[in-house]
Amino acid sequence: MREILIKGQLNKFKTFQEFAEEFQLGSEDLILTNAFIYKPFMADLNLKCQVVFQESFGAGEPSEEMITEIFKAVKPETFERIVAVGGGAIMDIGKVLSLKRTGSVHDLYFKKAEVVPEKELIAIPTTCGTGSEVTNISVAIVRDDNGNTTKLGLVSDLLIPSSVCLIPEMLKTLPYAPFASSAIDALIHAVESYLSPSRATMTSELYGVKAMELILEGFRRIREGGEEARFNYLDEFVTAACYAGIAFLQAGCATVHAMSFPLGGTYHVPHGESNYALFGKVLEKYDAAQPEGKIMEFKQTIAGILGGTAEDAIGNLNKLLETILHLKPLREYGFKEEDIETFADSVLENQQRLVVNSYVPLTKALIKEIYAECL
Ligand SMILES: NC(=O)c1ccc[n+]([C@@H]2O[C@H](COP(=O)([O-])OP(=O)(O)OC[C@H]3O[C@@H](n4cnc5c(N)ncnc54)[C@H](O)[C@@H]3O)[C@@H](O)[C@H]2O)c1
Ligand SMILES: [Fe+2]
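A brief report on the enclosed structure follows. (Residues numbered from 1 in each chain as written. Chains lettered and ligands numbered in written order. Predicted model: local features only at pLDDT ≥ 70, side-chain atom pairs only at ≥ 80, totals over all residues. Heavy atoms only, no water.)

1. So, the overall build of the protein
Secondary structure summary: the protein contains 15 helices and 8 strands in total. On C-alpha atoms alone, the protein measures out to a radius of gyration of 20 Å, which is about the 21 Å that the 2.2 N^0.38 rule sets for 375 residues. Along the first, second and third principal axes, the C-alpha atoms of the protein reach 55 × 50 × 40 Å. Looking at the protein residue by residue over its 375 residues, the buried ones come to 58%. Considering only residue pairs separated by 6 or more positions, the protein has 75% of its internal contacts joining residues 24 or more positions apart. With 35 positive and 51 negative side-chain charges, the protein shows a spacing of 1 Å between the two charge centroids. (Helix = DSSP H or I, 4+ residues; strand = E, 2+ residues; numbered from the N terminus. Rg over C-alpha atoms; globule rule 2.2 N^0.38 Å. Buried < 20%, exposed > 50% of the residue type's maximum accessible area, 1.4 Å probe, protein only. Contact = heavy atoms within 4.5 Å. Lys, Arg positive; Asp, Glu negative; His and termini not counted. Charge placed at Lys NZ, Arg CZ, Asp CG, Glu CD.)

2. Details of the pairing of strand β7 (residues 149-155)
In terms of residue burial, β7 counts as a mostly covered element, since 5 of its 7 residues are buried. With 7 bridges joining them, strand β6 (residues 137-143) and β7 adopt antiparallel strand pairing. Pairing of Ala-140 across the sheet is with Leu-152, part of β7. Turn length for the β6-β7 hairpin, with the two strands adjacent in sequence and antiparallel, is 5 residues, and the turn residue Gly-147 shows positive phi of about 85°. (Pairing = 2+ DSSP bridges.)

3. Here we look at helix α9 (residues 255-267)
The end-to-end C-alpha separation of α9 is 19 Å, in line with the 18 Å expected for 13 residues at 1.5 Å each. At Phe-261, α9 shows its largest kink, close to 25°, and the proline Pro-262 lies no more than four residues downstream. Most of α9 sits inside the fold, with 11 of its 13 residues counted as buried. Taken together, the buried positions of α9 are Thr-255, Val-256, His-257, Ala-258, Met-259, Ser-260, Phe-261, Pro-262, Leu-263, Gly-264 and Gly-265. Directly beyond the C-terminal end of α9, a positive phi value near 50° is found at His-268. (Expected span 1.5 Å × (residues − 1). Bend = angle between axes of the 7 residues up to and from the residue.)

4. What to know about the site of ligand 1
Neighbouring ligand 1 are 27 residues; Gly-88, Thr-126, Thr-127, Thr-135 and Ile-137 lie closest to it. Contact distances for ligand 1 include 2.7 Å between an oxygen atom and a backbone N or O atom of Gly-88. Within the side chain of Ser-132, one N or O atom sits 3.2 Å away from a nitrogen atom of ligand 1. Alone, ligand 1 offers 850 Å² of accessible surface; in the complex the protein occludes 87% of this. Secondary structure elements with two or more residues in the shell around ligand 1: α2 (35-41), α4 (88-97), β6 and α6 (176-194). Broken down by class, the residue content of the shell around ligand 1 amounts to 11 nonpolar, 12 polar and 4 charged. (Near = heavy atom within 4 Å. Polar contact = N/O pair within 3.5 Å; in protein donor to acceptor, adjacent residues only side chain to side chain. Areas by Shrake-Rupley, 256 points an atom, 1.4 Å probe, with all protein chains shown as cover. Nonpolar A, V, L, I, M, F, W, Y, C, P; charged D, E, K, R; others polar.)

5. Topic: the packing of aromatic side chains
For the structure on display, the rule yields 16 aromatic pairs. When the ring of Phe-19 is compared with that of Phe-23, the centres are 5.0 Å apart and the planes differ by 40°; the resulting orientation is tilted. With respect to burial, Phe-19 and Phe-23 carry one shared label: buried. When the ring of Phe-335 is compared with that of Phe-343, the centres are 5.3 Å apart and the planes differ by 80°; the resulting orientation is edge-to-face. (Phe/Tyr/Trp six-rings, centres within 6.5 Å; stacked < 30°, edge-to-face > 60°.)

6. Details of the nonpolar core
Formed by 81 residues in total, the largest nonpolar core has its most connected members in Leu-187, Phe-219, Phe-298 and Tyr-371. In terms of residues, this core owes the most to one element, α6, which gives 11 residues. Setting aside residues up to four positions removed in sequence, Leu-187 forms contacts with Met-212, Ile-215, Leu-216, Phe-219, Phe-279, Leu-317 and Leu-321. (Core = buried A, V, L, I, M, F, W, Y, C linked by side-chain atoms within 4.5 Å.)

7. Here's the deal with the packing of α9 against helix α10 (residues 271-289)
Across the interface, α9 lies against α10 with an axial gap of 8 Å and an inter-helix angle of 140°. It follows that α9 is oblique to α10 by the angle criterion. Crossing of α9 against α10: the hand is right-handed. On α10, the residues that touch Thr-255, Val-256, His-257, Met-259, Ser-260, Phe-261, Leu-263 and Gly-264 of α9 are His-271, Ser-274, Asn-275, Leu-278, Phe-279, Val-282 and Tyr-286. Considering only residue class, the contact of α9 with α10 consists of 8 nonpolar, 7 polar and no charged. (Axes fitted to C-alpha atoms, helices over the stretch in contact; angles between N-to-C directions. Parallel < 35°, antiparallel > 145°, perpendicular 65-115°, else oblique. Left-handed = near helix turned anticlockwise from the far one by under 90°.)

This is how it looks when you write it as structure tokens:
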């Protein structure tokens, strides 16, 4: 069995300028970003690159409509390399843009068009969440055959960016709310991959545990020193998110992500936040169903990081997370009782790649129970 896949070259730079010089950015390059990231970090550098702002094509997380509009506006013959500078949304769009256009965007996400790489992709994360810079997934909001919107991952190792550049200063402008939800997303990547029953390896565990240590130490600092405490720890946060990405690329995400996708797709809840809404409950259910397995080691690991006993570890973890981001019931996002049934069906129909990594068999009854108890 494969121990780990780290495909892109990993780099770290102090500033965007240092990166631009090292990679000799020029007229053959296309920068995909947001205007509010471009202005403070790139506008003064007199770059010759073509620049595309995601927000010109719609707000929020990538959807098949948004990417289709970007395809229409950005012609492949006008660039050789893509530099995706942004959160998971930007990096995921960059991945699809790096492909040969073998079919419609819908066909690509529904695996009806072939994935053929065409352009070199350089990924620069400006959040500390998705790990998309090292993963083989691009996620978009799509409409399935039943007309329901959900989020779907296009998965192929051919999507992994060839270069990853971590530039911690890019996170300085990230407001606290998306910072917190992205950092929790990264923590969930580390935990889901650690508990992945058949795909976790010794090496993925190494990256996952290190990510948990770094993120939880950062959260502890924020609990003690307030939101501002993150600014002295941005390098660790962006590195931890990358480590968690490496871990879940090997071991996979699971129940939390599977159940969060219909929620995010339907009610446009930010990715990290919709995961967080389910995370604590999923851990509780895992622990109740199979307390003696890997979850015991997980609780010991968390106790080793946070202090306290293994028995109290999940409770202590949830308490720490509450100080970082307030946990809301699903109904505050618009979720209704009748969604329990349709979302459970959607999870089983559309998210099998995640369902199979669940720590305990993920039955429809269990999915419904978790949604109902988070309502
Ligand atoms: N490909 C993967 O492996 C993978 C894994 C998990 C999630 N995802 C996807 O990634 C997306 C979530 O990514 P995310 O959590 O990074 O959020 P995001 O990309 O949606 O960004 C969150 C918000 O912060 C803003 N922002 C980002 N960086 C900023 C900065 N430096 N300064 C100011 N504002 C900034 C964005 O414009 C956005 O409004 C979702 O679409 C999710 O489905 C992908
Ligand atoms: Fe995620």
